[in-house]
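Structure at a glance
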Amino acid sequence: MTSPSQAAADGDSLTLDPEGKSGTPDGKGTPELAGRTPRQLAWIRFKRDKTGMVCAVIVALFIVVALSAPLIAKLYGKNPYDLYGQNEGLLNGFGLPLKPNGGISSQFWFGLEPRLGRDVFTLLIYGIRTSLLIALAVTILSVVTGVLFGLTQGYLSGKTDYFMGRVSDFMLSFPQQLFFIAFSPVAISLFVGTGQQEAWYVRPTVLILVQFALGWMSIGRLVRAQVLSLREREFVEAARISGASSWRIIRRELLPNLWSTILVQSTLMLPIFVTAEAGLSYLGVGIIDPTPDWGLMFQTGATFYQNDITFMFFPGIAMVAFVVSFNLLGDAIRDALDPKTLR
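Residues numbered from 1 in each chain as written. Predicted model: local features only at pLDDT ≥ 70, side-chain atom pairs only at ≥ 80, totals over all residues. Heavy atoms only, no water.

Further remarks concern the nonpolar core. Of all hydrophobic cores here, the largest spans 80 residues; its most connected members are V147, L151, L254, L258, W294 and F322. Residue contributions to this core peak at 16 residues, all from helix α7 (residues 120–156). When near neighbours in sequence (up to four residues on either side) are disregarded, F322 contacts F62, L132, L270, P271, V274 and W294. (Core = buried A, V, L, I, M, F, W, Y, C linked by side-chain atoms within 4.5 Å. Buried < 20%, exposed > 50% of the residue type's maximum accessible area, 1.4 Å probe, protein only. Helix = DSSP H or I, 4+ residues; strand = E, 2+ residues; numbered from the N terminus. Contact = heavy atoms within 4.5 Å.)

Written as structure tokens, this is what we have:
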């Protein structure tokens, strides 16, 4: 049995030698044929996309910074929790840095935070870590749930498809932003009793669960639509006639033809969850001080932007660079995996 992905491998695996040389030492004879797998062909197409490569480097840089934030802070000599501005008398009576441009100096590369006087550089790199880890957890949960839901709905079809589709429609009927804002305090109250102190893990857990609750339906519907198309193809029918179990058909015939869609959709979902998490923290229903977070940095910058736009500059540039790079990387991966798509 040959699936479309295997057929693509057979059809695209025979290519001429890149330098156009023939297969014989004297340069004569039949041109040499080089076998390439679909992964190799996709990698070749991706390397030709300069925008995709640049975005991949930027995304990799963000991930490295997030993972190595403690090491970077140690080498830098600061941390995101000490109140340097207050302790060293670097703030005026209004809580603003005495030096211009947000207090930028050789000692504080990105300046000082208003009111508390924390170091902005370490707040930024630790904020990347917080936002990225929460968004990554939401993306993984949403993709796993959506793929399982879509596979079941599309493969079984019939009444199962109908009732599961109504569940998906019901979940999609909720306005996401309003749901996040309204239900986050309710979810927090379930973890924290009256008079109890809120543990450090409560806010991240609530953000992950609330975003996941309304984040899996889009990829579930996409997988369902593709499975409905694939289950009628000849290679699936041949596997079914040969006596293959449903699990084997899903694992060996359907999933290999869904990986590209799942991968592309994942790269497009992650920046959405990053901005959603930052937005909730900005509105006061997400991460709270003293935990470093991009949304809290935007909240502070929005409060003091009239005094100094510098407070909005660094988190704003970081957020735009991250989201744009991830979106363009998703487009580049899609084009590499499916050369028929044109931007």
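Read on for the rest.
Looking at the chain as a whole, the pLDDT averages 83, with 88% of positions reaching at least 70. Confidence over residues 7–24 falls short of pLDDT 50; this stretch has 32 contacts with residues more than four positions distant or in other chains. (pLDDT = per-residue confidence, 0-100.)

Looking at the element boundaries, T310 is found in helix α16 (residues 310–337). What makes T310 buried here is its relative accessible area of 12%. A distance of 2.6 Å separates polar atoms of two side chains, one belonging to T310 and the other to D308. For T310, the contacting residues outside a window of four places in its chain are N101, G102 and I104. (Polar contact = N/O pair within 3.5 Å; in protein donor to acceptor, adjacent residues only side chain to side chain.)

Packing of helix α14 (residues 259–282) against helix α15 (residues 294–304) leaves a shortest axis separation of 7 Å and a crossing angle of 50°. It follows that α14 is oblique to α15 by the angle criterion. Crossing handedness for the pair α14 and α15: right-handed. On α15, the residues touching V274, A278, S281 and Y282 of α14 are W294, G295, L296, F298, Q299 and A302. Considered class by class, the residues forming the contact of α14 with α15 number seven nonpolar, three polar and no charged. (Axes fitted to C-alpha atoms, helices over the stretch in contact; angles between N-to-C directions. Parallel < 35°, antiparallel > 145°, perpendicular 65-115°, else oblique. Left-handed = near helix turned anticlockwise from the far one by under 90°. Nonpolar A, V, L, I, M, F, W, Y, C, P; charged D, E, K, R; others polar.)

In total, this model carries nine salt bridges according to the counting rule given. One salt bridge in this structure joins E113 and R118, with 2.7 Å as the shortest N-O distance. Of the two residues examined, E113 and R118, each falls in the buried class. R118 is the partner of D289 in a salt bridge, and the nearest nitrogen-oxygen pair spans 3.1 Å. Note that D289 is positioned in the loop between α14 and α15 and R118 in the loop between α6 (100–103) and α7, a separation of 171 residues in sequence. Residue classification places R118 among the buried residues on the basis of a relative accessible area of 3%. (Salt bridge = Lys/Arg side-chain N within 4 Å of Asp/Glu carboxyl O.)

Counted at 1.5 Å a residue, the expected span for helix α3 (residues 50–67) with its 18 residues is 26 Å, and the 26 Å between its end C-alpha atoms agrees. Those residues of α3 that fall on the buried side of the exposure criterion are G52, C55, V59, F62, V65 and A66. What you see down the axis of α3 is that its buried residues fit within an arc of 155°, all on one side. Turned more than 90 degrees away from the buried face of α3, the exposed residues are K50, V57, L61 and L67. Two to three positions downstream of the cap, the backbone nitrogen of T51 sits 3.2 Å from a side-chain oxygen, assigning the N-cap of α3 to D49. (Expected span 1.5 Å × (residues − 1). Arc of directions from axis to C-beta.)

Here we take up helix α11 (residues 217–230). Across its 14 residues, α11 extends 20 Å between first and last C-alpha, which sits within 8% of the 20 Å expected from 1.5 Å per residue. Buried within α11 we find M217, I219, G220, V223, V227 and L230. Relative to the axis of α11, the buried residues are bounded by an arc of 155° and lie together on one face. Among the structural elements, α7, α8 (158–172), α10 (202–213), α12 (234–241), α13 (246–254) and α14 are those in contact with the buried residues of α11.

Time to look at the packing of aromatic side chains. On inspection of all chains with the given rule, the structure shows 20 aromatic pairs. Judged by centre distance (5.2 Å) and plane angle (80°), the ring pair of F62 and F322 falls under edge-to-face. Of this pair, F62 sits in helix α3 while F322 sits in helix α16, placing them 260 residues apart in sequence. Here F62 matches F322 in class, with each residue buried. Ring centres of Y162 and F163 lie 5.4 Å apart, and the angle between their planes is 80°; this geometry places the pair in the edge-to-face category. Grouping aromatic residues by their ring pairs yields a cluster made of Y76, W109, F110, F121, F313 and F314. (Phe/Tyr/Trp six-rings, centres within 6.5 Å; stacked < 30°, edge-to-face > 60°.)

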